[in-house]
Amino acid sequence: MTATPRAAGAVICAAALGAALCAAPSLTAPDVPWTAVALLACVYAVCELPGRGTGRGVPAAVGAGSFFPVLLAAAFLLPPAAAALVPVPGALLGAMDGSGTAPWIRRAWHAAELALATWAAAAVYAWAGGATALDAADFPYVLVPVLAAALAFGLALGALDTLIRASAERTPPRRGALRPLAPAPHAVHGLAGLMMAVLWRSSYGPVSALFVLLPMYISCWIFAQYHRERAAHRATIRALVHAVDLKDRYTRGHSERVGRASVLIARELGMPEGRLETIRFAGILHDVGKLGVPTRVLRKDGPLTPEERRVIELHPEYGHEMVRGIGFLGEARAAILHHHERLDGTGYPYGLAGGSIPESARVVAVADAFDAMTSTRSYRRSRPVGDALAELRRCAGTQFDPLMVSALVRAVEREGWETAVTSDEPGPLPAPQRGSAGADRSRSG
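Residues numbered from 1 in each chain as written. Predicted model: local features only at pLDDT ≥ 70, side-chain atom pairs only at ≥ 80, totals over all residues. Heavy atoms only, no water.

### Considering the overall build of the protein chain
Counting secondary structure elements, the protein chain contains 21 helices and two strands. Within the protein chain, the proportion of its 445 residues that are buried is 49%. Contacts in the protein chain between residues far apart in sequence, at least 24 positions, make up 74% of those at least 6 positions apart. For the protein chain, the exposed surface amounts to about 20,100 Å²; the carbon and sulfur share of it is 64%. (Helix = DSSP H or I, 4+ residues; strand = E, 2+ residues; numbered from the N terminus. Buried < 20%, exposed > 50% of the residue type's maximum accessible area, 1.4 Å probe, protein only. Contact = heavy atoms within 4.5 Å. Areas by Shrake-Rupley, 256 points an atom, 1.4 Å probe, with all protein chains shown as cover.)

Shown next, in the form of structure tokens:
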């Protein structure tokens, strides 16, 4: 179990207090429809029972959940204070994964953020005159307060999610771990919630409203299948990287850092979010071909002979053959094959030059050389980050793509870089030798 950072604990306590204050008026209000509150709370609790966790040690973060229409229906049917009570039982009972922060803390956060978001949606809906429009079946004008309430619901969740991640992971709020708000899913949830509210008040009664959840349940199942597939992809990649780290002790942790540096470059270049994961996979798996290189060559302490260097220079082709059939890697496969090509055409394995080198390979080449220079190995000491960046600039245009080098320089200067010791060998180390930024990259990755 991971201890909750003080800042995150303070955010959770403040959210819980805020949720309690929002719901408190319902306890003394004379006109609260408690039967509707109980029924909606039971429906949402049943939806929550399969549970969802987040991992990474962060209290549960809510995304575009498939059963949010229940909460939005509550916002349309109930006063704001009563609507805030609807998600609480389900959030407190819902299952959480066993990793990271204590489950009860994550449940408390989950309940508080959903209560606040539902209250915000109900308050905006009431402010926009939604209750009057719904009672009068005033279509299509009722769509305005409905969509406003759905947007308020999404904005509240987004703000709370960004705040908790910033405090728990100590990331700047501007870089919050939450994806930018996508209004479309919340608009769909709002319309589904409106359908539930209309059926709830119709002559068919509350039971008919449950039929709205059937398509939402199907979409939830499909979404879960997609995430299970992504989890399997990540597990495959972790297994491959672990095998490389076990075989080549000189570069332990190198693959993960190259993946991180590759994402820094790609993000700085403005690549779309969907492509960033592929670039990260390329960086992480760029050395997977070392599994086909004899261990004695990888672990040799002294200089490599020309024959040994030729053997180790086969690792990009070995790697490409290993991942050829893994379809989800996409352009990462080209990066694995070509990350040792040089802009001037003197690289390997095929001697590609300039723009004929795939963009993903040019990204990984810079990230690979940067981490190789800033990591201490048993056969040479690391260079300071500033010296490594200067060496990349010196080699830009001949060995590396200047665009990729400039992107890494800007990202590192803004965000910094944590250097690493990846050697297990004791004793004095030789100082790094000036030369090509990739002088030992066939050795180091």
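Here the narrative resumes.
### A look at the packing of aromatic side chains
Tallied over the full model, the rule gives four aromatic pairs. Where Phe 68 meets Phe 153, the ring centres are 5.1 Å apart and the plane angle is 70°; that geometry is what we call edge-to-face. Residue Phe 68 is located in helix H3 (residues 68-77), and its partner Phe 153 is located in helix H8 (residues 143-169); the two are separated by 85 residues in the primary sequence. Summarising the aromatic geometry, the rings of Phe 281 and Phe 328 are spaced 5.9 Å apart at their centres and angled 80° between planes, so their arrangement reads as edge-to-face. Of this pair, Phe 281 sits in helix H13 (residues 273-285) while Phe 328 sits in the loop between helix H16 (315-323) and helix H17 (332-338), and the two are 47 residues apart along the sequence. (Phe/Tyr/Trp six-rings, centres within 6.5 Å; stacked < 30°, edge-to-face > 60°.)

### Brief notes about helix H18 (residues 359-374)
For H18, which comprises 16 residues, the first-to-last C-alpha distance of 23 Å matches the rise-based estimate of 22 Å (1.5 Å per residue) to within 8%. The buried fraction of H18 is high, at 15 of 16 residues. (Expected span 1.5 Å × (residues − 1).)

### Quick notes on the packing of helix H2 (residues 34-48) against H3
Packed helix pairs are specified by the crossing angle of their axes together with the interaxial distance, meaning the distance between the axes. Contact geometry of H2 with H3 gives a least axis separation of 9 Å together with a crossing angle of 170°. By the angle class used here, H2 and H3 are roughly antiparallel. Packed against H2, whose contacting residues are Leu 40, Val 43 and Tyr 44, the element H3 presents Phe 68, Val 70, Leu 71, Ala 74 and Leu 77 at the interface. Class assignment of the residues belonging to the contact of H2 with H3 gives a composition of eight nonpolar, no polar and no charged. (Axes fitted to C-alpha atoms, helices over the stretch in contact; angles between N-to-C directions. Parallel < 35°, antiparallel > 145°, perpendicular 65-115°, else oblique. Nonpolar A, V, L, I, M, F, W, Y, C, P; charged D, E, K, R; others polar.)

### Notes on the side chain of Thr 374
Its location among the elements puts Thr 374 in helix H18. Within the structure, the side chain of Thr 374 is placed 2.9 Å from the backbone oxygen of Phe 370, a separation counted as a polar contact. (Polar contact = N/O pair within 3.5 Å; in protein donor to acceptor, adjacent residues only side chain to side chain.)

### Here's the deal with the side chain of Asp 401
Within the secondary structure layout, Asp 401 lies in the loop between helix H19 (385-395) and helix H20 (402-415). Within polar-contact distance, the side chain of Asp 401 engages the side chain of Arg 362 at 2.6 Å. Among the polar contacts listed, one links the side chain of Asp 401 to the backbone nitrogen of Leu 403, at a separation of 2.9 Å. Filtering out sequence-adjacent residues up to four positions away, Asp 401 remains in contact with Leu 343 and Arg 362.

### Regarding the pattern of salt bridges
Two side chains bearing opposite charge may form a pair once their charged atoms approach each other closely. Enumeration according to the criterion identifies 16 salt bridges in this entry. Among the ionic pairs, Glu 268 bridges to Arg 414, the shortest N-O distance being 2.8 Å. Here Glu 268, found in helix H12 (residues 254-268), pairs with Arg 414, found in helix H20; they are 146 residues apart in sequence, far enough to count as distant. The closest approach of N and O atoms between Lys 290 and Asp 287, which form a salt bridge, is 3.5 Å. Residue classification places Asp 287 among the buried positions, given a relative accessible area of 2%. Linked by salt bridges that have partners in common, Glu 268, Arg 410, Arg 414 and Glu 415 make up one network. (Salt bridge = Lys/Arg side-chain N within 4 Å of Asp/Glu carboxyl O.)

### Points about the confidence of the model for the protein chain
Of all residues in the protein chain, 80% have pLDDT values of 70 or greater, and the mean over the chain is 80. Confidence scores differ between elements of the protein chain, with helix H21 (residues 441-444) showing the lowest mean pLDDT of 50 and helix H4 (residues 80-83) the highest of 94. Note on residues 51-64: pLDDT under 50 across the span, and 46 contacts to partners over four residues away in sequence or across chains. Considering only residues more than four positions removed or in separate chains, one finds that residues 438-442, a stretch of pLDDT under 50, has 18 contacts. (pLDDT = per-residue confidence, 0-100.)

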